[in-house]
Amino acid sequence: MPRDQPPRLAVLPLGATEQHGAHLPTDTDAVIAAAVAAGLGERLSRAGGPGGHPPMTAEVLPAQPFGASGEHAGFAGLASIGTEALVAVLLELGRSVCEWAERLLIVNAHGGNLEALAAAVPRLRAEGRDVAWFGCATAAGAGDTHAGRGETSIMVALDPGRVRPERAEAGCTRPIGEILPELRAGGVAAVSPNGVLGDPRGADAEEGRALLDRNIAAAEEAVLQWEPAPDGRLAAPRVAWAANRGAGRD
């Protein structure tokens with residue numbers, strides 16, 4: 001990556017490797033995070049956008065595909081490193097990347113990573129490194145938070161060959177707020193035998209592209225504002241969208 005000047009921003013997509021029902025691949029979260037990060041990099045490189053910003057150089061890093069996914073224990077395909085290990089990974093990556101980039105943005109597409117992000121990013125900032133994170137919004141509604149219509153539509157838009165619509169089945173469609181105590185106590189298996197939180201049937205590529213575009217636009221606005229909350233999270237209040245903003249059980 002030889003350059004006359006270092007990039008102003010590095011972008012690290014953060015996902016997970018876990019079951020997404022019988023119809024989606026286990027790396028769905030990493031694929032979505034990488035797509036949002038790539039789209040963000042492209043938008044920032046062009047002049048315009050919110051406030052008519054000048055072009056910004058952004059280096060999009062390879063996705064970190066392993067996260068904290070203990071809530072998916074009992075399902076085949078799980079490869080979780082847990083919260084403690086993820087905190088250590090994020091700290092080391094943040095310290096390394098900030099040796100050459102002015103800022104680091106972590107684009108997260110898995111709700112199970114939130115505890116690690118809230119621990120690692122403020123610590124990096126306390127060390128003098130300008131790091132923040134952005135939460136992707138993949139839910140199509142309160143009862144659609146994992147492998148449901150939202151994530152499936154995005155994957156149909158991004159990589160339809162890896163989606164098996166004939167195997168898509170509805171799972172638990174109760175609102176996330178209602179099932180959260182059961183999720184915390186017994187994981188996804190306690191509320192959904194097939195691992196799905198939502199109904200992926202009828203997922204649509206056009207819906208997926210629209211959802212993906214809203215994530216990218218929100219990430220762009222958040223980066224341009226760059227106002228990290230105490231937990232290091234960026235938000236884009238002027239972008240109106242109904243979603244979980246990365247806080248669901250992706």
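Right, let's walk through the structure included here. (Residues numbered from 1 in each chain as written. Predicted model: local features only at pLDDT ≥ 70, side-chain atom pairs only at ≥ 80, totals over all residues. Heavy atoms only, no water.)

## Notes on unusual backbone geometry
The phi angle of most residues is negative, glycine excepted, and most peptide bonds adopt the trans form.
Piece 1. Phi is positive for Ala147, which is not a glycine, with a value near 60°.
Piece 2. Turning to its location among the elements, Ala147 is positioned in the loop between strand E4 (130-135) and helix H4 (149-158).
Piece 3. With a relative accessible area of 0%, Ala147 lands in the buried category.
Piece 4. Notably, Trp226 is not glycine yet its phi reads approximately 45°, a positive angle.
Piece 5. Here Trp226 lies in the segment after helix H6 (205-225). (Helix = DSSP H or I, 4+ residues; strand = E, 2+ residues; numbered from the N terminus. Buried < 20%, exposed > 50% of the residue type's maximum accessible area, 1.4 Å probe, protein only.)

## Some thoughts on the side chain of Glu18
Piece 1. Mapped onto the elements of the fold, Glu18 is located in the loop between strand E1 (9-14) and helix H1 (28-44).
Piece 2. Taking the relative accessible area as the measure of exposure, Glu18 reaches 0% and is therefore buried.
Piece 3. Here the side chain of Glu18 touches Ser69 through a polar contact of 2.7 Å, side chain to side chain. (Polar contact = N/O pair within 3.5 Å; in protein donor to acceptor, adjacent residues only side chain to side chain.)

## Description of the sheet that holds strand E2 (residues 58-60)
Piece 1. Overall, parallel pairing links the four strands, which are arranged E2-E1-E3-E4 in an open sheet. Lying at the two open borders of the sheet, with one neighbouring strand each, are E2 and E4. For this sheet the average axis-to-axis angle between neighbouring strands, irrespective of direction, equals 20°.
Piece 2. The pairing of strand E3 (residues 103-108) with E4 spans six bridges and is parallel. (Pairing = 2+ DSSP bridges. Axes fitted to C-alpha atoms, helices over the stretch in contact; angles between N-to-C directions.)

## A look at the environment of Ala118
Piece 1. Position of Ala118 among the secondary structure elements: in helix H3 (residues 114-126).
Piece 2. Residue classification places Ala118 among the partly exposed positions, given a relative accessible area of 36%.

## Concerning the pattern of salt bridges
Piece 1. By the definition in use, this model includes 12 salt bridges.
Piece 2. A salt bridge links Glu92 to Arg95, with the shortest nitrogen-to-oxygen separation between them at 3.0 Å. Separated by three residues within a single helix, Glu92 and Arg95 lie in helix H2 (residues 82-97), roughly one turn from each other.
Piece 3. What makes Arg95 partly exposed here is its relative accessible area of 21%.
Piece 4. Across the pair Glu127 and Arg95 runs a salt bridge, and its minimum N-O distance is 2.7 Å. With Glu127 in the loop between H3 and E4 and Arg95 in helix H2, this pair connects stretches of sequence that are 32 residues apart.
Piece 5. Accessibility expressed as a relative area gives 31% for Glu127, which makes it partly exposed.
Piece 6. Here the residues in one salt-bridge network are Glu92, Arg95, Arg123, Glu127 and Arg129, joined through shared partners. (Salt bridge = Lys/Arg side-chain N within 4 Å of Asp/Glu carboxyl O.)

Function-wise, these values are silent; they only describe arrangement.
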